[in-house]
Every structure is written in structure tokens, then in C-alpha cells.
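# Remarks on the overall topology
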Amino acid sequence: MKNPADYLAERVFEARRPRRELQPVVAYADAVQAIAQALADAEKYKYLLLRALRRHHDELAATAPQAAAPTPAETRVLPLYPAGLPVAA
């Protein structure tokens, strides 16, 4: 994975402003191109990360023992509201 500065490394040149020393400068078009490249790389890394996470989840699901689903008789039903609340009119 690249550092943010790596996207602009080839596009930087030095310019001298009046009465000042040399300063690094990047052209606007080069900056826009570097940002587009960084976004494309971010999408690629996002895709690769999500694919790895999905594969890891699938491997965990395949190796984990499957728990039996509770039958309706075993399922507890809890009241939605606590007891003692006044009934709305």
C-alpha cells in the first residue's frame, strides 16, 4: 500500500517565488490525477479486504459446529414493555 506522498512523488517540481527559496510545487492537473489514482487504489484495497473477510467468515462457518435452532416450545417470549405501565387511551 502506498503512502499519500508516493502518489505525488514523480509530479513534484521545485519553483522559486520572488525573494524566497525553492519550494515544492505540484500542478493542479497532476494533483487531480494523483487523487484519482489514490481513489482507484482505495477501491481495489477495499475489494481485496472485503473478499478476505468474506473468505475468513466462510472458513469459520465451515469449521464451527452448527447449533440446532430452538424449537417453538423452547423459545422464550419476553414482553415488549415492562409490567405496570399505564395503558394508553
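No experiment lies behind these values; they were computed from the predicted model shown.

As a further point, take the pairing of strand β2 (residues 22-25). Judged from the four bridges that link them, strand β1 (residues 13-16) and β2 form a sheet pairing that is antiparallel. By the bridge assignment, E14 is partnered in β2 with P24. Connecting β1 to the next strand, β2, in antiparallel fashion are five residues, including R19 with a positive phi near 60°.

The next point concerns the environment of V12. Residue position: V12 is located in the segment before β1. Once you skip the residues sitting within four places of it in the chain, V12 turns out to touch P24, V25 and V26.

A few words now on the environment of L22. Position of L22 relative to the elements: it lies in strand β2. In this structure L22 comes out as partly exposed when scored by relative accessible area, which is 39%. Apart from residues no more than four positions distant in its own chain, L22 is found in contact with E14, A15 and R16.

Take the side chain of D41 next. Mapped onto the fold, D41 is located in helix α1 (residues 28-63). Buried and unpaired, D41 has no salt bridge, with K44 as the nearest side chain of opposite charge at 4.5 Å. Within the structure, the side chain of D41 is placed 2.8 Å from the side chain of Y7, a separation counted as a polar contact. Those residues in contact with D41 that lie beyond four places of it in its chain are K2 and Y7.

For the rest of this paragraph, the subject is the confidence of the model for the chain. With 89% of its residues at a pLDDT of at least 70, the chain reaches an overall mean of 81. β1 is the least confidently modelled element of the chain, averaging 80 in pLDDT, while α1 averages 88, the highest of any element.

Taken together, the side chains of L49, L50 and L53 define a hydrophobic patch exposed on the protein surface, amounting to about 290 Å² of accessible area. Tracing the chain through its elements places L50 in helix α1. For L50, a relative accessible area of 40% gives the class partly exposed.

Quick notes on the rules
Residues numbered from 1 in each chain as written. Predicted model: local features only at pLDDT ≥ 70, side-chain atom pairs only at ≥ 80, totals over all residues. Heavy atoms only, no water. Pairing = 2+ DSSP bridges. Helix = DSSP H or I, 4+ residues; strand = E, 2+ residues; numbered from the N terminus. Contact = heavy atoms within 4.5 Å. Buried < 20%, exposed > 50% of the residue type's maximum accessible area, 1.4 Å probe, protein only. Lys, Arg positive; Asp, Glu negative; His and termini not counted. Salt bridge = Lys/Arg side-chain N within 4 Å of Asp/Glu carboxyl O. Polar contact = N/O pair within 3.5 Å; in protein donor to acceptor, adjacent residues only side chain to side chain. pLDDT = per-residue confidence, 0-100. Patch = residues over 30% accessible without salt bridge, like charges linked within 9 Å, V, L, I, M, F, W, Y side chains within 5 Å. Areas by Shrake-Rupley, 256 points an atom, 1.4 Å probe, with all protein chains shown as cover.

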